[in-house]
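Below, each chain spelled out in residue letters.
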Amino acid sequence: MAILVLGGAGYIGSHTVYELIDAGRDVVVADNLQTGFRAAVHPKARFYQLDIRDKGALDTLFQAEDIEGVIHFAASSQVGESMSDPLKYYDNNLHGTMVLLKSMVEHGVDKIVFSSTAATYGEPERVPILETDRTQPTNCYGETKLSMEHMMSWVSRAHGLKYVALRYFNACGAHPSGAIGEAHDPETHLIPIILQVPNGQREAVSVFGDDYPTADGTCIRDYIHVTDLAQAHILALDYLLKGGENNVFNLGNGVGFSVKEVIDVAREVTGHPIPAVISPRRAGDPAQLIASSQKAIDVLGWQPRYNDLNTIIATAWAWHRSHPHGFEEG
Ligand code: UFG
């Protein structure tokens, strides 16, 4: 039987497919290639180009393949865009998931692991954040992800579907082989933006605010390597396949780094001075987001291997310097 990875041509999806194939699993990937790349799909995965809102295409896939579980990454994920175009997020993330669940229920596929986010918490009550803490998203992206969690829960009650929601903190880094990595257009994430400076694509990095209530005044985030995230998806799926109950897990390293600290580590890793310019705050940024991932460690047996920011940034740098234009030809 095969695992279906929806959005398997995207950043976290493609890394999860690599880990699944390395573990000897049979993998089917579906992606509409709107933000993903065909070249990011592992050559040993069977690929379907489809949009999850196209129920006919999904039905055909479920008829053709013997799917034991679904890992669902197929969603829009830009916080800023979700505020200027919220309906795109309701359509792709919520309507897309609704169509998917309908097709899964009809075809008797009843296990799903899917991407949720730290953005479901909004401004945290405290750090480290526990899964039971208040969820009050401050952006439409986080709102649609929280609604996806709720949708799963109701469908579970009605149809017996089992799900795991994985709330990622700041995904970063690249596959240690250098074969795949992060490629967003436009790029908004801190680490790839910083690395554009030593790559000769940007003069300086902007630091969005240095007047936050943190030690150096810049925002603190919990950076987690994409391969560690990928491993958590496999553990979560195996947990469901062994009869595990519906669950929600945070995924982070449990350690926070400020924007200034991340830039310092990138200077060390690249040997480049990387000029930084203090700029105004970016709307909607919480001062600190740090995960407690104790539950994933205890229940899933997850053990993040990349808990050192130097190594994380070194994997990202190896990817970006060898692929300055991502998956596109230079
Ligand atoms: N930052 C800068 N300069 C930049 C880019 C980012 O200073 O050029 C700062 C941001 O203000 C923030 C930190 O670097 O303080 C990290 O920003 P990212 O955009 O890399 O990541 P976010 O923490 O904003 O977003 C991440 C995920 C989202 C998720 C969110 C949860 O990428 O998908 O965490 O709040 F929704």
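Owing to the predicted nature of the structure, the values given are computational and were not obtained by experimental measurement. (Residues numbered from 1 in each chain as written. Predicted model: local features only at pLDDT ≥ 70, side-chain atom pairs only at ≥ 80, totals over all residues. Heavy atoms only, no water.)

### Things to note about the pattern of salt bridges
Counted only if it meets this: Each salt bridge in this description consists of a side-chain nitrogen of Lys or Arg and a carboxyl oxygen of Asp or Glu lying within 4 Å of one another. Secondary structure follows DSSP: runs of H or I at least 4 residues long count as helices, runs of E at least 2 residues long count as strands, and numbering of each begins at the N terminus. Each residue gets one of three labels from its accessible area relative to the maximum for its type: buried under 20%, exposed over 50%, partly exposed in between, using a 1.4 Å probe on protein chains only.
A full pass over the atoms with the stated rule returns 16 salt bridges. The salt bridge involving Arg167 is made with Glu149; its shortest N-O contact spans 2.7 Å. Taken together, the residues Arg167 in strand 6 (residues 162-168) and Glu149 in helix 5 (residues 140-159) connect sequence positions 18 residues apart. In this pair, the class of Arg167 matches that of Glu149, namely buried.

### Observations regarding unusual backbone geometry
For the bond running from Val127 to Pro128, omega is -10°, close enough to zero to count as cis. On the secondary structure map, Pro128 appears in the loop between strand 5 (111-117) and helix 5. Pro186 follows Asp185 through a cis peptide bond whose omega is 5°. With respect to the secondary-structure elements, Pro186 resides in the loop between strand 7 (170-172) and helix 6 (190-196). Backbone geometry at Leu33 places phi at a positive 60°, although glycine is not the residue there. The residue Leu33 is located in the loop between strand 2 (26-31) and strand 3 (46-49) in this model. Residue Leu33 is classed as partly exposed on the basis of its relative accessible area, which comes to 23%. Residue Ile274 is not a glycine yet carries a positive backbone phi of 40°.

### Looking at the site of the ligand
Quick note on the threshold: Only heavy atoms are used to decide nearness, and a residue is near a molecule or strand if one of them lies within 4 Å of it. Counted as a polar contact is a pair of N or O atoms within 3.5 Å, where, for protein atoms, one must be capable of donating a hydrogen and the other of accepting one, and residues adjacent in sequence contribute only when both atoms are in side chains. Per-residue accessibility takes into account occlusion by the displayed protein chains alone, with areas from the Shrake-Rupley method and a 1.4 Å probe. Ten residue types, Ala, Val, Leu, Ile, Met, Phe, Trp, Tyr, Cys and Pro, are classed as nonpolar, four, Asp, Glu, Lys and Arg, as charged, and the remainder, Gly among them, as polar.
In the neighbourhood of the ligand, 20 residues make up the surrounding shell, with Leu190, Ser206, Arg221, Arg282 and Asp285 lying closest. Contacts to the ligand include His189, whose side-chain N or O atom sits 2.9 Å from an oxygen atom. Within the backbone of Phe208, a nitrogen or oxygen atom sits 2.9 Å from an oxygen atom of the ligand. Against a free-state accessible area of 690 Å², the protein chains account for coverage of 91% of the ligand. Within the residue set of the shell around the ligand, elements represented by two or more residues are helix 6 and strand 8 (205-208). When its residues are assigned to classes, the shell around the ligand shows 11 nonpolar, 6 polar and 3 charged.

### Quick look at the environment of Trp317
Formally: It only takes one pair of heavy atoms within 4.5 Å for two residues to be counted as in contact.
When you line up the elements, Trp317 lands in helix 10 (residues 309-322). Trp317 sits in the buried class, given a relative accessible area of 8%. Between the C-alpha atoms of Trp317 and Gln136, which are 181 residues apart in sequence, the distance is 34 Å. Leaving out residues up to four positions away in the same chain, Trp317 has contacts with Leu195, Pro198, Asn199, Val269 and Thr270.

### Description of the packing of aromatic side chains
Put simply, the rule reads: Aromatic contacts are taken between Phe, Tyr and Trp rings whose centres are within 6.5 Å, Trp giving its six-membered ring; a plane angle under 30 degrees counts as stacked, one over 60 as edge-to-face, and the others as tilted. Two limits define a charge over a ring: the Lys NZ or Arg CZ must be within 6 Å of the ring centre, and within 35 degrees of the ring normal.
Taken as a whole, this structure holds 6 aromatic pairs when the rule is applied. When the ring of Tyr121 is compared with that of Phe169, the centres are 6.5 Å apart and the planes differ by 35°; the resulting orientation is tilted. In this pair, Tyr121 is assigned in the loop between strand 5 and helix 5 and Phe169 in the loop between strand 6 and strand 7, connecting sequence segments 48 residues apart. One aromatic cluster is present, formed by Phe37, Trp319 and Phe327 through successive ring pairs. When the ring centre of Trp154 is taken as reference, the NZ or CZ atom of Arg157 above it lies at 4.4 Å. Its end group placed over the ring of Phe249, Lys295 keeps NZ or CZ at 5.1 Å from the ring centre.

### So, the sheet that holds strand 4 (residues 67-72)
Stated precisely, the cut-off is as follows: Think of it this way: DSSP has to see at least two bridges between two strands before they count as a pair. Axes, fitted as lines to C-alpha atoms, cover a helix only where it is in contact. Angles between the N-to-C directions of the axes lie from 0 to 180 degrees.
Pairing in this open sheet of 7 strands is parallel, and the strands run 3-2-1-4-5-6-11 from one edge to the other. The outermost strands of the open sheet, each flanked by one partner alone, are strand 3 and strand 11 (247-251). Neighbour to neighbour, the strand axes of the sheet diverge by 20° on average, direction disregarded. Where strand 1 (residues 2-6) meets strand 4, 5 bridges bridge the pair, whose relative direction is parallel.

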